[in-house]
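Structure at a glance
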Amino acid sequence: VILTTISSVTLLFAKNVRKAGAAGDGLGGLFLAGSGITLSILSIFWTWGGARLARRLVRRTQTTRISAANMTRRAVSIAVTINLVGMFVTILGAEQIVGSLAARILSSSGLSPFAATSANLVAQTIQPLDVLVVQANTNTLLSHYISLACALSLKKFISRLDPPSTEEKRRLRIK
């Protein structure tokens with residue numbers, strides 16, 4: 001939640017502060033980074049829904065262990081999918097952001113990279129705000145990774161407690 005909030009605020013700030021002349025640079029990257037943040041927020045809400053599912057399963061007495069495990073397994077699988085798609089979109093955004101920054105550096109007025117004044121021009125083309133955008137995208141990526149790691153560990157824990165089964169009657173006969 002914290003990483004997603006920080007990334008959201010940073011990207012909104014970066015979008016609003018961009019100068020009119022540089023508005024075309026990296027907008028696709030900002031859109032993909034924003035999409036990654038949206039998927040991270042969706043993952044947060046899905047995780048809270050999973051917690052509500054767990055409380056509901058604890059209160060219900062008529063729910064069998066197998067059906068509870070299957071519902072939880074399905075919820076965790078959807079969480080894994082959301083986070084994998086979020087990581088993919090965020091990585092694409094990072095590639096586009098870094099690519100646009102590299103293009104700005106490489107196309108600094110056609111001057112020779114060995115000229116004494118080109119270092120000053122490079123410092124003027126890359127703004128500190130651009131570094132914040134890269135950091136915000138990295139925070140979003142870390143947010144998806146942490147959520148994905150937690151979901152996969154939960155999935156491993158569920159399969160250890162109750163191996164996948166769809167036939168409850170067959171399982172009851174074994175006991």
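1. Describing the overall build of the protein chain
Scanning the protein chain from N- to C-terminus turns up six helices and zero strands. Starting at the N terminus and walking to the C terminus, you meet the elements of the protein chain as α-α-α-α-α-α. Counting only residues that meet the buried cut, the protein chain has 33% of its 175 residues in that class. For the protein chain, long-range pairs separated by at least 24 residues make up 82% of all intrachain contacts whose partners lie at least 6 apart in sequence.

2. Considerations on the side chain of asparagine 137
For asparagine 137, the position within the fold is in helix H5 (residues 128–161). Of the polar contacts made by the side chain of asparagine 137, one reaches the backbone oxygen of threonine 90; its length is 3.3 Å. Among all residues touching asparagine 137, those that are not within four sequence positions of it are Ala33, Thr90, Gly93, Ala94 and Ile97.

3. Some details on the nonpolar core
In terms of nonpolar packing, the biggest core is built from ten residues, these being Leu11, Ala14, Leu30, Ala33, Ile37, Ile97, Leu101, Leu129, Val133 and Ala136. Elements that contribute at least two residues to this core include exactly helix H1 (2–17), helix H2 (27–59), helix H3 (65–106) and H5. Look past the residues within four positions of isoleucine 97 in its chain and what remains in contact with it is Gly29, Leu30, Ala33, Val133, Val134 and Asn137. One finds Ala69, Ala79, Met87 and Ala151 within the second-largest nonpolar core, a separate group that totals eight residues.

4. Quick word on the environment of leucine 11
Position of leucine 11 relative to the elements: it lies in helix H1. The contact partners of leucine 11, leaving out residues within four places of it in the chain, are Leu30, Ala33, Gly34, Ile37, Val133 and Ala136.

5. Considering a positive patch on the surface
Taken together, the side chains of Arg52, Arg55, Arg56, Arg59 and Arg60 make up a positively charged region of the molecular surface. Secondary-structure assignment places arginine 55 in helix H2.

6. Some words on the side chain of threonine 140
Locating threonine 140 in the fold gives a position in helix H5. Note on threonine 140: relative accessible area 1%, which makes it buried.

7. Here we look at H1
An α-helix turns once per 3.6 residues; consequently, residues spaced three or four apart project the same way. With 16 residues, H1 ought to run about 22 Å at 1.5 Å a step, and its terminal C-alpha atoms sit 22 Å apart, in line with that. What H1 keeps buried is the set Thr4, Ser7, Ser8, Thr10, Leu11 and Ala14.

Rules behind the numbers
Residues numbered from 1 in each chain as written. Predicted model: local features only at pLDDT ≥ 70, side-chain atom pairs only at ≥ 80, totals over all residues. Heavy atoms only, no water. Helix = DSSP H or I, 4+ residues; strand = E, 2+ residues; numbered from the N terminus. Buried < 20%, exposed > 50% of the residue type's maximum accessible area, 1.4 Å probe, protein only. Contact = heavy atoms within 4.5 Å. Polar contact = N/O pair within 3.5 Å; in protein donor to acceptor, adjacent residues only side chain to side chain. Core = buried A, V, L, I, M, F, W, Y, C linked by side-chain atoms within 4.5 Å. Patch = residues over 30% accessible without salt bridge, like charges linked within 9 Å, V, L, I, M, F, W, Y side chains within 5 Å. Areas by Shrake-Rupley, 256 points an atom, 1.4 Å probe, with all protein chains shown as cover. Salt bridge = Lys/Arg side-chain N within 4 Å of Asp/Glu carboxyl O. Lys, Arg positive; Asp, Glu negative; His and termini not counted. Charge placed at Lys NZ, Arg CZ, Asp CG, Glu CD. Expected span 1.5 Å × (residues − 1).

Limitation: the analysis is restricted to geometry and does not speak to function.
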